[in-house]
Protein chains: 2
Amino acid sequence: MSDGADRREPLARLLAPASVAIVGASDRPGSFGARIFANLAAFRGRVDPVNGKYARLHDRPCYPEIAALPHVPDCAIIAVPRAAVQTVVEACAARGVGGVIVIASGYAETGLPDRIALQARLAAIARESGMRIAGPNTLGIVNYVLGAGLTFSAMPPVLPLRPHAIGIVSQSGSIGFALAQAVMRGVSVSHVLTAGNSCDVDVADCVAYLARDPACRAIACVLEGMAAPLRLVAAARAAWQADKPLVLYKMATGAAGAAAAMSHTGSLAGSEEAYAAALAGAGVVQVDRLEALIEAAAFFAKAPPPPADGVAVIATSGGAAIMAADKAERHGVALPQPQPATRAVLEAHIPDFGSPRNPCDVTAQVIADPAGLLACTEALLTDPHYGALVTTHQYAYPAATGRLPVFSRLGAQHGRIVCNVWVPEWLGGPGAEETERDPYLALFHSMDRCFAALAAWQHRARQRRLAPETLVRFAPAPARAEAARALHAAPDRVLTEGAAKRILALYGIEVPAERLVSSADAAVAAAEAIGFPVALKVESPDIPHKTEAGVIRLDLHDAAALRAACSEILAAARQAAAPPRIAGLLVQRMVPRGLEMMVGSRVDPLFGPLVVVGLGGVLVELLRDTALELAPVSPRQALAMLARLRGARLLDGFRGGPAVDRDRLAEVICRVSELAADQAPLLAEIDLNPLICTGTRIIAVDGLMVKQA
Amino acid sequence: MSDGADRREPLARLLAPASVAIVGASDRPGSFGARIFANLAAFRGRVDPVNGKYARLHDRPCYPEIAALPHVPDCAIIAVPRAAVQTVVEACAARGVGGVIVIASGYAETGLPDRIALQARLAAIARESGMRIAGPNTLGIVNYVLGAGLTFSAMPPVLPLRPHAIGIVSQSGSIGFALAQAVMRGVSVSHVLTAGNSCDVDVADCVAYLARDPACRAIACVLEGMAAPLRLVAAARAAWQADKPLVLYKMATGAAGAAAAMSHTGSLAGSEEAYAAALAGAGVVQVDRLEALIEAAAFFAKAPPPPADGVAVIATSGGAAIMAADKAERHGVALPQPQPATRAVLEAHIPDFGSPRNPCDVTAQVIADPAGLLACTEALLTDPHYGALVTTHQYAYPAATGRLPVFSRLGAQHGRIVCNVWVPEWLGGPGAEETERDPYLALFHSMDRCFAALAAWQHRARQRRLAPETLVRFAPAPARAEAARALHAAPDRVLTEGAAKRILALYGIEVPAERLVSSADAAVAAAEAIGFPVALKVESPDIPHKTEAGVIRLDLHDAAALRAACSEILAAARQAAAPPRIAGLLVQRMVPRGLEMMVGSRVDPLFGPLVVVGLGGVLVELLRDTALELAPVSPRQALAMLARLRGARLLDGFRGGPAVDRDRLAEVICRVSELAADQAPLLAEIDLNPLICTGTRIIAVDGLMVKQA
């Protein structure tokens, strides 16, 4: 690279540099510059100090500015005050540096307009030059593969990496480096990438990078929120393609958290349900508390694909065995009973006050008997029912670690992961570090979190076994253009029911036979044509909620009833404070009773079109029993949405209610999602409520559509 | 006590002995006898070895049997094989020993009939002699106040107790002693009481004892299940009376866990919902995972009553501040904004990249500035909005502990607890032990658990502020005897609807006007008397579910419709495989539409009569949105049950539905609970579904009652 050109892509040069310049280098103890230099002590590449105040620093030449360096560094870490940052960044871009790390703070996170503009200027330099910028307001990054501590933060020591190393990605620098301390308890960490204000390089870039880096076996990510979260979804898909588990903790989940996030990073927090659905769809393992993150990532970095669906539990305490059974049930992990040959081995060794079942309480007596422990463990690890073994440790006394070598050796021999649950809360005790270091032993400090991780592991394996799905289109090709024309033509933001239903029909969604008429006589003629009984509604763009307005009558069986209804609902419509525009009367064939569902969609500002399904009626709205996905969805996704509803059993004909053809209903969900995705530029919301379902017939008796403002 | 008599109650002699005999004492290294002797090294009382094989042991006389001891020990710990246990226990009882600890296993936990009988014999000795027996199959107990390790288990060292010591109670010995290791990380523990098979002394006895022991400031309890859980409820009430927080983790919560519990301790696992309701009613703080238990108990042992409802968060990381806001919202803990004077102090010290709000991100800069940290912390601790302070620690490096003395001093000065959340998972780091030892600093290794504990603390304070409630009786005095007569007189287990409604009416629960008739003519006459429209049902003890059987017609508006309905439902009734006995036709005045609720009761085998309330209809059953309490309930309890329903907003008239008078509905719940409690010996189940509610009218339109088998 004597010509100063590096053909590697800029992000790789930033995150895995062969050479680093420290701008603002210093030998003043405690200064950022001195701390960065110390953190590069184990770095295998070249380090050049840049600071006009020194001719030499740290026993090497010190350069007055980037332009004066004898070669082009891959990465420059910029430890100068905010006022000087932009000039340095511009110089780096001009020189062809791969990427820079800006640690100064006081940019967009202050919420001050001039500081937001300052950050935007950095982003523009990155965009225009192709040079990548990490930060500002970042603690920096650590590449443990190269021993490169590109940070002023205290950092855990550089140790030889093991094959099951995890990479840590965090928007918050403080949380990222807090998690990195897992190194100090035996976890192998390949990278710590903290994104800070993310003017250019963000969490999505970091995840995508780690998905490609062979040193990292699993990724642990802490997220606040992103302005373009679909980029993170794409990065997660890349990790999935690389079969690299991505475990994620999403912060700023509630209204209060999101408000704090806005003031912290200036990034938009999107709808939590959309985040959860989009990340789950990309195969992300989501945890709901920070303390589960590294633990789960370290487990996933070691665990092979499950060789069988069941899990065996070997405990030395009846109480621990019960806890395991509770948590297995809570998380849906099967604990099948041993096959007869296994049972025979267990019975031969376990005394009568133990339990030769699963969970297996071998008692302290067997633990103290190496031959017995070996035999019982091997019997469980070779029983074809079991894909993993969970064992529990109650004591932190040195004598309690004798089992670990047995589990490690047998785990290796039979290709099974052995999960060790340290029962006494967070007290590590002897053996914890060795367990973390062992490729066949996983470590948990919570029975609940252990079984949550096992459930996620089994779920991931099932997802990976699924054949890839190609999204097939349901609606005929011209539907898209015709619907767009109808939406353009609609004069108001809220479409009339008739207009909405014509668009639904274009997308192959059944609506009842109906006619728009302008008089009672015409209503009777229409009813006779489509057949009694009918429903009657006022058609008006100004009355989106007809029941509340009293402008709907159901189950009209004859002409007399229909005529009476016409007068009544027109009178009701005219009582509104602002007289509504009335387009006519909608005469609709009554649909037989069935299960009421709702299917809707909305365009999320961050995620784009979403589709939502739930059971119909007021109560479901109150109990929030709905499932959500990014639109469009495949039939498999739509069926999975139905299965997720807490009230899903109603679909099978609960307590004498009608059963519903799930495949047909899933197809309707697909069609609505297709409509939402096709028309997202124009259409803000769709609401089909109720959708009447009887067997294979799924009919939208009402349809509300709202155009984008 | 030269006469060998001790007037203290036997349980206190067992758990806080002045003298201990070790039966089966030994000097063989590793033997139970030798380990017990070693665990008594710090004991302040007298220890006598008993073993026929030795004349002297451990430098003191050894006695051949209990009868040969020169004085009567308060407690004997029996470390002999199972076959010899009963003789020793009988000798102890004969000698007047206060209590014995039986560590041998192989009793009821084996499930073998002869072993169950052996344990029953021990229970009988206790009952007959008044001597208390702990065990069998127990690891024993530790009284740290006296330095008495009455156990063969490894045990944490005896250290000086602090005023905020916690007592540990566990059915499982292994889990109890696992938790006791909290001593090794700085938690002060007064007692470790493990109940084992509980042939006599059980978890309830241990909790009741600790409620009285001034050395223990809070109780941490692990429970599997009990044959008589109301004894535990009574012990919990005693702890509440003593203002001693009881934190409890209930195991064996699921079907699988309960099955494991049966095989482990032979104890019955009762209905989980009943456990949760009964314990909550007694003021117990329940945690859903073991790792929350000691942490919460240690917090409660230190925390004063909350001086204000709000909590302030002081963080050095924007990410940690967001996590705190998330978890506060999740657990319903208010984080109000600082008052102007506080805000001014914060703004004066916090740089623009921090946040002078709540949660407050003071930034690492302020943390490094003792004067700034002191000023900000003091401002928050003296702001009347805040009853507690939460702070977060990201780093386990020695330099990170500088804040602790500031928090401790200011917490002490202003009588506020400061919760320290160690963010990097379970890595304790320097300062953790000092924090545990400090009376004003609580320690958590999970933001989620910290806010869960704060929410429980605030809830507990609200409960303690409530005026005590006396249970007033609603039903008139004679109702009890009259209803009992009617129940006795009912010929079948399932009462007819008419019979059930007469009992409801006795308890002041409104039922529709109705007549039982035996012909269509009589039905028409009855309808004319009570007024059309009416409902018609077949009255039969053999048809509890009328809708499914097609023997009910609603909304009959005239005589013709009523006559037709009579023939139809009688025909439907006769179609049953086994022809039902038909008591007549029930003509019932139709009730106006309203919100449908359900109120029911069942007699639980462990807890006795329970009352359940939920929203009516199929969906609620599916979504399990119900609230449960032990019967009878007070109006305050009944109102709280309604408030707990996820769909509670429906009661206020959601989306144009009818609003319901909650006080009236609560009164009906009270009346049903009174009926269930009064008649529990006779009545197994009550089911009022639907209960039609419109404003202040609450009418049971159907009523099912089932007598005890």
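Here is what the cut-offs are and how they apply
- Residues numbered from 1 in each chain as written.
- Chains lettered and ligands numbered in written order.
- Predicted model: local features only at pLDDT ≥ 70, side-chain atom pairs only at ≥ 80, totals over all residues.
- Axes fitted to C-alpha atoms, helices over the stretch in contact; angles between N-to-C directions.
- Helix = DSSP H or I, 4+ residues; strand = E, 2+ residues; numbered from the N terminus.
- Parallel < 35°, antiparallel > 145°, perpendicular 65-115°, else oblique.
- Left-handed = near helix turned anticlockwise from the far one by under 90°.
- Contact = placed C-beta atoms within 7 Å.
- Nonpolar A, V, L, I, M, F, W, Y, C, P; charged D, E, K, R; others polar.
- Buried ≥ 20, exposed ≤ 12 C-beta atoms within 10 Å, placed from the backbone.
- Core = buried A, V, L, I, M, F, W, Y, C linked by C-beta atoms within 7 Å.
- Pairing = 2+ DSSP bridges.
- Least-squares fit on C-alpha atoms with pLDDT ≥ 70 in both.
- Domains from an automatic or database assignment.
- pLDDT = per-residue confidence, 0-100.

## Comments concerning the packing of helix 12 (residues 340-349) of chain B against helix 14 (residues 370-382) of chain B
Residues and elements named next belong to chain B. Where helix 12 meets helix 14, the closest approach of the two axes is 9 Å, and the angle between their N-to-C directions is 165°. The angle between helix 12 and helix 14 places the two elements in the roughly antiparallel class. Between helix 12 and helix 14 the crossing geometry is left-handed. Side by side, helix 12 and helix 14 meet where Thr342, Val345, Leu346 and His349 of the first sit next to Gly372, Ala375, Cys376, Ala379 and Leu380 of the second. When its residues are assigned to classes, the contact of helix 12 with helix 14 shows six nonpolar, three polar and no charged.

## So, the environment of valine 366 of chain B
All names here are of chain B. With respect to the helices and strands, valine 366 occurs in helix 13 (residues 363-367). Overall, valine 366 belongs to the buried group, with 24 C-beta atoms counted inside 10 Å. Through-space distance from the C-alpha of valine 366 to that of threonine 316 is 8.3 Å; in sequence the pair is 50 residues apart. If we skip the residues at most four places from it in the chain, valine 366 touches His349, Ile350, Gly372, Leu373 and Cys376.

## Side note on the nonpolar core
Counting residues in each nonpolar core, the largest one holds 438 residues, and the members touching the most others are Val207 and Ile219 of chain A together with Val207 and Ile219 of chain B. The residues contacting isoleucine 219 of chain B, other than those within four sequence positions of it, are Ile166, Gly167, Val169, Val207, Leu210, Ala239, Lys244, Leu246, Val247 and Ala297 of chain B.

## Here's the deal with the sheet that holds strand 21 (residues 534-539) of chain A
Residues and elements named next belong to chain A. Read across the open sheet, the four strands follow the order 20-23-21-22; overall the sheet is antiparallel. Only two strands of the sheet have a single partner each, and these edge strands are strand 20 (514-517) and strand 22 (552-556). Averaged over neighbouring strand pairs, the angle between their axes works out to 20° when direction is ignored. When strand 20 meets strand 23 (residues 584-589), the two strands line up antiparallel, connected through four bridges. Of the residues in strand 23, the one forming a bridge with leucine 516 is leucine 586. In this fold helix 19 (residues 497-506) packs onto strand 20, strand 21 and strand 23, with an angle of close to 115° to the strand it touches most, strand 21. Where helix 22 (residues 559-574) meets the sheet, its contacts fall on strand 21, strand 22 and strand 23, and the angle it forms with strand 21 comes to roughly 25°.

## Here's the deal with the interface of chain A and chain B
On the side of chain B, 79 residues touch chain A, which itself brings 81 residues to the contact. Of all the elements in the fold, those that place two or more residues in the side of chain A that touches chain B are helix 5 (173-180), helix 8 (255-265), helix 10 (293-302), helix 11 (318-331), helix 17 (447-465) and helix 23 (618-623) of chain A. Among the elements that make up the side of chain A that touches chain B, the one with the highest residue count is helix 11 of chain A (eleven residues). Tallied by class, the residues present in the side of chain A that touches chain B amount to 40 nonpolar, 24 polar and 17 charged.

## A few points about the relation of the copies chain A and chain B
Relating one copy of the chain to the other requires a rotation about an axis plus a shift along that axis. Least-squares fitting of chain A to chain B yields an RMSD of 0.1 Å, with the superposition described by an axial translation of 0.1 Å and a rotation of 180°. On this basis, the relationship between the two copies can be described by a two-fold rotation axis. The share of interface residues of chain A whose copies in chain B are also at the interface is 98%, consistent with both copies meeting through the same surface.

## Section: the domain arrangement of chain A
Residue and element names in this part refer to chain A. Each assigned domain of chain A is listed here: domain 1 (1-137), domain 2 (156-302), domain 3 (305-465), domain 4 (513-590) and domain 5 (595-707). For domain 2 and domain 3, the distance between their C-alpha centres works out to 29 Å. Across the boundary between the two partners, domain 2 contributes 16 residues, which contact 16 residues of domain 3. In terms of residues, the side of domain 2 that touches domain 3 owes the most to one element, helix 10, which gives six residues. Of the residues assigned to the side of domain 2 that touches domain 3, the class counts are nine nonpolar, three polar and four charged.

## Things to note about unusual backbone geometry
For the bond from alanine 631 of chain A to proline 632 of chain A, the omega torsion is 0°, close enough to zero to count as cis. Within the secondary structure, proline 632 of chain A is located in the loop between strand 26 (626-630) and helix 24 (635-644). Located in the positive-phi region is aspartate 555 of chain B, a residue other than glycine, with phi close to 60°. For aspartate 555 of chain B, the location among the structural elements is in strand 22 (residues 552-556). What makes aspartate 555 of chain B exposed here is the crowd of 10 C-beta atoms within 10 Å.

## Here we look at the sheet that holds strand 23 (residues 584-589) of chain B
Across a sheet, strands are paired by hydrogen bonds formed along the backbone, either parallel or antiparallel in direction. Residues and elements named next belong to chain B. If you trace the four strands from one edge of the open sheet to the other, you get 20-23-21-22, paired in antiparallel fashion. Edge positions in the open sheet fall to strand 20 (514-517) and strand 22, since each of these has one partner strand only. Pairwise comparison of adjacent strand axes, ignoring direction, gives a mean angle of 20° for this sheet. Of the strand pairs in this sheet, strand 21 (residues 534-539) and strand 22 are connected by three bridges, and their pairing is antiparallel. Within strand 22, the position partnered with valine 534 by the bridge is leucine 556. Here helix 22 (residues 559-574) sits on the sheet and contacts strand 21, strand 22 and strand 23; the angle it forms with strand 21, its principal contact strand, is near 25°.

## Some words on the confidence of the model for chain A
All names here are of chain A. Of all residues in chain A, 95% have pLDDT values of 70 or greater, and the mean over the chain is 91. Segment residues 262-270 is flagged for pLDDT under 50; beyond a separation of four residues in sequence, or across chains, it makes 31 contacts in the model. Taken over the whole predicted complex, pTM reads 0.92, whereas the ipTM for its chain interfaces reads 0.90.

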